[in-house]
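# Working through the structure, step by step
Listed below, chain by chain, are the residues.
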Amino acid sequence: MSKVLLKNIGTLVSGNISDPILKGNAILIENGKINQVGFEGDFDAAGAQTTIDCAGTTVTPGLFDSHCHVVLGDYTPRQKQTGFLESEVHGGVTTFISAGEVHLPGRPKDPAGTKALAIVAAKSFANFRPGGGKVVGGALILEKGLTRSDFEELAREGVRSVGEIGLGSIKNPEDAAVMVQWAKEYGMTVMMHAGGTSIPGSSTVTAEMVIQTNPDIVSHINGGPTAVALDEVKRLVTETDFALEIVHCGNPKVAVEAANLCVEQDALHRIIIGNDAPSGTGVIPLGVLRVICHLASLAAIKPEQAVCMATGNAARVHKLPRGLIAAGKEADLVIMDAPMGSVGEDALAAIEAGDVPAVSMVLVDGEIVVSKSRNTPPPVRKPQVVSKDR
Ligand SMILES: [Zn+2]
């Protein structure tokens, strides 16, 4: 049995957007899961193998990148780069959600091929953690000819999601809606591209098409990279209960407008945050933190709410037992502070001021996977491992 204690925490961001800041200064982890959250004196940390003194800084759940175009391994054919996932873990991301392995050179477009790709991506990423991060790989690309029994087989083989509808040969709601229903029957989470055509071969998707198709997630409501018109954003916010994704590689103006609309409509629990990379825009190791800063500095959103969008909101939509600092959840955590030179005094104040916070430590299942980010600026205050037995 392994025990890890995080103590001397300054601010605890829960991941739960309806109660974003927790009381307490310590977290006790046992066997990779959060066991207790509260004040250090209130729980029995005797026998902890590792104690981390957080030096009064901020602890949040590990961030989700809800829109990542992985293929296989830590390599992107789209931008010919290796290590882009590991690099993003240094930006606080501990869970990556594949939005479809569309960048595979020679991607097969027949039912057997698209199924095989989803299954191999799901299974290989289940065994592979780039930089310690967890990848939900294998997002089925909908192609003509898939049948109900294909969805049954895919779910049985570990495929949990349908990648952005609009990228494969199934584009129209008339064709997509029945497959979406099958996917949901087998417990999959369904994403749908919204907005302008992203690359040759894909298509422009309007709000009406999304509404008729009935996915779980409106992928990049602020465009990937071209956004729908604001009145279409309004329809998606007010006429549906779909999760609404805001991405880095989208339209920054519409990101703010969509976020403010969600404030008005009391829909902040529906917003999730992704990169939509690798893409034509590139790879962005700090993309999720940058969207958090963007929303918290330019829209009417508090920094702790923005963090919850990239953690608890995403975990709920993707049905994963993490993203919250709460007993029983997987202990994927980020320790962060204001970056040196920021006008903000702590991580949340820096975010509110628009500064990317300094990631000083990242834990996955209670194990330290990053002890000093190589991508964010350095923190004002650094956590320290004060004891490590065995
Ligand atoms: Zn897209």
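Please refer to the structure higher up on the page.
Residues numbered from 1 in each chain as written. Predicted model: local features only at pLDDT ≥ 70, side-chain atom pairs only at ≥ 80, totals over all residues. Heavy atoms only, no water.

### Concerning the packing of helix 8 (residues 287–298) against helix 9 (residues 303–317)
When two helices pack together, their arrangement is given by the angle between the helix axes and the distance between those axes. At a minimum axis distance of 9 Å, the contact between helix 8 and helix 9 shows a crossing angle of 140 degrees. Here helix 8 and helix 9 pass one another in a crossing that is right-handed. Of helix 9, the residues touching helix 8 (which contributes V288, I292, L295 and A296) are P303, A306, V307, M309 and A310. Along the lines of polarity and charge, the residues of the contact of helix 8 with helix 9 split into nine nonpolar, no polar and no charged. (Axes fitted to C-alpha atoms, helices over the stretch in contact; angles between N-to-C directions. Helix = DSSP H or I, 4+ residues; strand = E, 2+ residues; numbered from the N terminus. Left-handed = near helix turned anticlockwise from the far one by under 90°. Contact = heavy atoms within 4.5 Å. Nonpolar A, V, L, I, M, F, W, Y, C, P; charged D, E, K, R; others polar.)

### Description of the packing of helix 7 (residues 252–264) against helix 8
Between helix 7 and helix 8, whose axes approach to 10 Å, the crossing angle comes to 60 degrees. Here helix 7 lies oblique to helix 8, going by the angle between them. The element helix 7 and its partner helix 8 pack so that their crossing is right-handed. Facing helix 7, whose interface residues are P252, A255, V256 and A259, helix 8 presents H294, L295 and L298. Per-class residue counts for the contact of helix 7 with helix 8 are six nonpolar, one polar and no charged. (Parallel < 35°, antiparallel > 145°, perpendicular 65-115°, else oblique.)

### Regarding the sheet that holds strand 20 (residues 358–364)
If you trace the six strands from one edge of the open sheet to the other, you get 3-2-7-19-20-21, paired in mixed fashion. Single-partner strands in this sheet number two, and they are strand 3 (21–22) and strand 21 (367–370). Pairing between strand 19 (residues 333–337) and strand 20: five bridges, direction antiparallel. Note that in strand 20 the partner of D337 across the bridge is A358. Running over the sheet, helix 9 touches strand 2 (11–13), strand 3 and strand 7 (58–61) and is turned about 45 degrees from strand 2. (Pairing = 2+ DSSP bridges.)

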